[in-house]
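# Observations on the model geometry
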Amino acid sequence: MTIKLVYLAVLTAIAVIIYVVESWIPIPIPIPGVKLGLANVITLFALFYTPAEKQPIKQTAKKNQLTPTLGADAFTILLFRVLIGLTLTGRATAFLFSMAGGIFALVAVFIAKRFVTQKQIWVCGVIGAIFHNIGQILIAMLVTGTPWIITYLPIFIIAGIITGAITGMAAQLTILRIMEKKSVEI
Amino acid sequence: MKSNKFWMILFGALLVVSGVATFLMIDMPQAVYAQIFIDGALVETINLSAVSETKDIVSHGEGRYVRIVAEPGRIAIVETNCYLQLCKRQGWRNSGVIPIVCLPNRVAIRFTSANLPDIDGVVG
């Protein structure tokens, strides 16, 4: 339990730092909601990798499989990352958008996870980013009361594919590197 | 499990379709009317072709501050108190299906070629 708590706390801290640092970088495209979303690397990481508590690491590494994880871990990290990140950056109004996008992405990746291998985590990155943007656009439609904001969707899909491939690949390389290292240690 | 090639083709096709759709939506003939929505309500419709001198529209209250300026043939959000200032950075616009949006302030500007009533509002 303590290990898991520390693990979640460390991942949340990393996600918050990435989120805050990314908020300092000016967005080159003046379209609301379009950004790299580097903190999503941590959410993806949490969905695809957890330190084996009950299961021996040796056994998991030998099987060369992704350890099964709970979406609850990723949701916990997402929730605290959004809460702490928005408090630190002073953008409380963005809470609804961040949470809606995050939950949409989480559910989509959780489902997509069943259809990909460990060398296709980048696919989940893309799917997550697209659904993150869809979630945000739906909330924007509700908040502004203007359904025709949906016209932003094609731009959001393009942005989602590009940014999702980058963040997904980052998560994939990190996970594969850690698993590779564990295999060597064993 | 699908191969990497499958996913690349799928996302590539999605990229092309979205790119074409975006291009078509941006490359629209010049609009005549700009409809300004605040909190989902249509507050003003401006005939851009009939604007002869600069028109200032300021909305403030409930933490919101947005200044919209209409000039002959074009409109822009020129001042806002939102964090990222993305709406302001969208600059002067005179057409397009894609609206100017300031999400934190819940302000949107839609372009239309005809002075239509707020259809969405009627339906909603």
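To start, this report covers the structure provided alongside it. (Residues numbered from 1 in each chain as written. Chains lettered and ligands numbered in written order. Predicted model: local features only at pLDDT ≥ 70, side-chain atom pairs only at ≥ 80, totals over all residues. Heavy atoms only, no water.)

## Some words on the sheet that holds strand β1 (residues 33-38) of chain B
All names here are of chain B. Spatially, 4 strands are ordered β2-β1-β7-β6 in an open sheet, and the strand pairing comes out antiparallel. The sheet is open, and its two edges are formed by β2 (41-47) and β6 (100-102), each paired on a single side. Across this sheet, the average inter-strand angle for adjacent strands is 20°, counted without regard to direction. Summarising the sheet, β1 and β2 pair through 6 bridges and their orientation is antiparallel. In the sheet register, Gln35 faces β2, and the bridge partner there is Thr45. (Pairing = 2+ DSSP bridges. Helix = DSSP H or I, 4+ residues; strand = E, 2+ residues; numbered from the N terminus. Axes fitted to C-alpha atoms, helices over the stretch in contact; angles between N-to-C directions.)

## Here we look at the side chain of Ser23 of chain A
Structurally, Ser23 of chain A can be placed in helix α1 (residues 2-24). For Ser23 of chain A, a relative accessible area of 17% corresponds to the buried category. A polar side-chain atom of Ser23 of chain A sits 2.5 Å from the main-chain carbonyl oxygen of Val20 of chain A. Setting aside its immediate chain neighbours within four residues, Ser23 of chain A contacts Thr89 and Arg91 of chain A together with Tyr83 of chain B. (Buried < 20%, exposed > 50% of the residue type's maximum accessible area, 1.4 Å probe, protein only. Polar contact = N/O pair within 3.5 Å; in protein donor to acceptor, adjacent residues only side chain to side chain. Contact = heavy atoms within 4.5 Å.)

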